[in-house]
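What follows is each chain in one-letter form.
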Amino acid sequence: MKKPVILNLQGNEIELRFTMAAWERMEDEICTLEDLQKRMQLPGRLRLIPQVAALLAQDAQPGTTAEMIFDSMRPADLRTVSAAVMQAITDGLTMDEKADGEEARDAVLEEIESKKEGAV
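Cut-offs and rules
- Residues numbered from 1 in each chain as written.
- Predicted model: local features only at pLDDT ≥ 70, side-chain atom pairs only at ≥ 80, totals over all residues.
- Heavy atoms only, no water.
- Helix = DSSP H or I, 4+ residues; strand = E, 2+ residues; numbered from the N terminus.
- Expected span 1.5 Å × (residues − 1).
- Buried < 20%, exposed > 50% of the residue type's maximum accessible area, 1.4 Å probe, protein only.
- Contact = heavy atoms within 4.5 Å.
- Axes fitted to C-alpha atoms, helices over the stretch in contact; angles between N-to-C directions.
- Left-handed = near helix turned anticlockwise from the far one by under 90°.
- Nonpolar A, V, L, I, M, F, W, Y, C, P; charged D, E, K, R; others polar.
- Pairing = 2+ DSSP bridges.
- Core = buried A, V, L, I, M, F, W, Y, C linked by side-chain atoms within 4.5 Å.
- Salt bridge = Lys/Arg side-chain N within 4 Å of Asp/Glu carboxyl O.

Undergrad: Could you clarify how one ought to interpret helix H5 (residues 77-93) in this entry?
TA: A turn of α-helix holds 3.6 residues, and therefore any two residues three or four places apart point the same way. For H5, with 17 residues, the first-to-last C-alpha span of 24 Å sits near the 24 Å given by 1.5 Å per residue. Within H5 the residues assigned to the buried category are Asp77, Leu78, Val81, Ser82, Ala84, Val85, Ala88, Ile89 and Asp91. Along its buried surface, H5 packs onto strand E1 (5-9), strand E2 (12-16), helix H2 (33-39), helix H3 (45-57) and helix H4 (66-72).

Listed below in structure tokens is the structure:
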């Protein structure tokens, strides 16, 4: 099990989680994952990054807003918040390994392979 991504701004801890609900909200309200990394390097990123962080905080801490995060940030925090956002997304997209040391399994791939074998 991965450690949660905790963003600490002015003594406030904000847990970031990349869930399917967060992913859907991000695509509906902000942009796709493919566009996010590009947009995080362009003008407008000062508001974009807190907006994504607030969206990722909604499952753990409902009511967290982009404005709250932005107002809690110092200029030096932009890199920290950006890194936390990317870490939460990366963690959400990474398959967990089994606790007993077995390799991670891809249930979708296993299902596809079993259907192929059944068709032969």
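Undergrad: How should the packing of helix H1 (residues 20-29) against H3 be read in this particular structure?
TA: Geometry of a packed helix pair, given as the angle between the helix axes and the separation of the axes. The interhelical angle for the contact between H1 and H3, taken along N-to-C directions, is 145°, at an axis separation of 9 Å. In the crossing of H1 with H3, the sense of the turn from one axis to the other is right-handed. Contact with H1, carried on its side by Ala22, Arg25, Met26 and Glu29, involves Gln51, Val52, Leu55 and Leu56 of H3 and no other residues of that element. By residue class, the composition of the contact of H1 with H3 is 5 nonpolar, 1 polar and 2 charged.

Undergrad: Would you mind going over the pairing of E1 with me for this structure?
TA: Residues of E1 alternate between two faces, with Val5, Leu7 and Leu9 buried on one and Ile6 and Asn8 left unburied on the opposite face. Pairing geometry for E1 and E2, over 5 bridges, is antiparallel. Residue pairing for E2: Leu9 is matched across the bridge by Asn12. Hairpin geometry of E1 and E2 is characterised by an intervening segment of 2 residues between the two adjacent antiparallel strands and by a positive phi of about 50° at Gln10.

Undergrad: Is there a simple way to explain the nonpolar core in this structure?
TA: Buried together is how nonpolar side chains tend to be arranged in soluble globular proteins. Ranked by size, the top nonpolar core spans 29 residues in total, and within it Leu16 and Leu56 carry the most contacts. Within the residue set of this core, elements represented by two or more residues are E1, E2, H1, H2, H3 and H5. The leading source of residues in this core is H3, at 8 residues. If we skip the residues at most four places from it in the chain, Leu16 touches Val5, Leu7, Ala53, Leu56, Ala57, Ala84, Val85 and Ala88.

Undergrad: What exactly am I supposed to notice about unusual backbone geometry here?
TA: Negative phi values dominate among residues other than glycine, just as trans dominates among peptide bonds. Positive phi outside glycine occurs at Gln10, with the angle close to 50°. Mapped onto the secondary structure, Gln10 falls in the loop between E1 and E2. By relative accessible area, Gln10 is classed as exposed at 58%.

Undergrad: Just checking my understanding: could you explain the pattern of salt bridges for this structure?
TA: Two side chains of opposite charge can pair, provided their charged atoms sit close to one another. Using the criterion set out here, one finds 5 salt bridges in the structure. Note that Arg17 and Glu15 form a salt bridge whose closest N and O atoms lie 3.0 Å from each other. Overall, Arg17 belongs to the partly exposed group, its relative accessible area being 35%.

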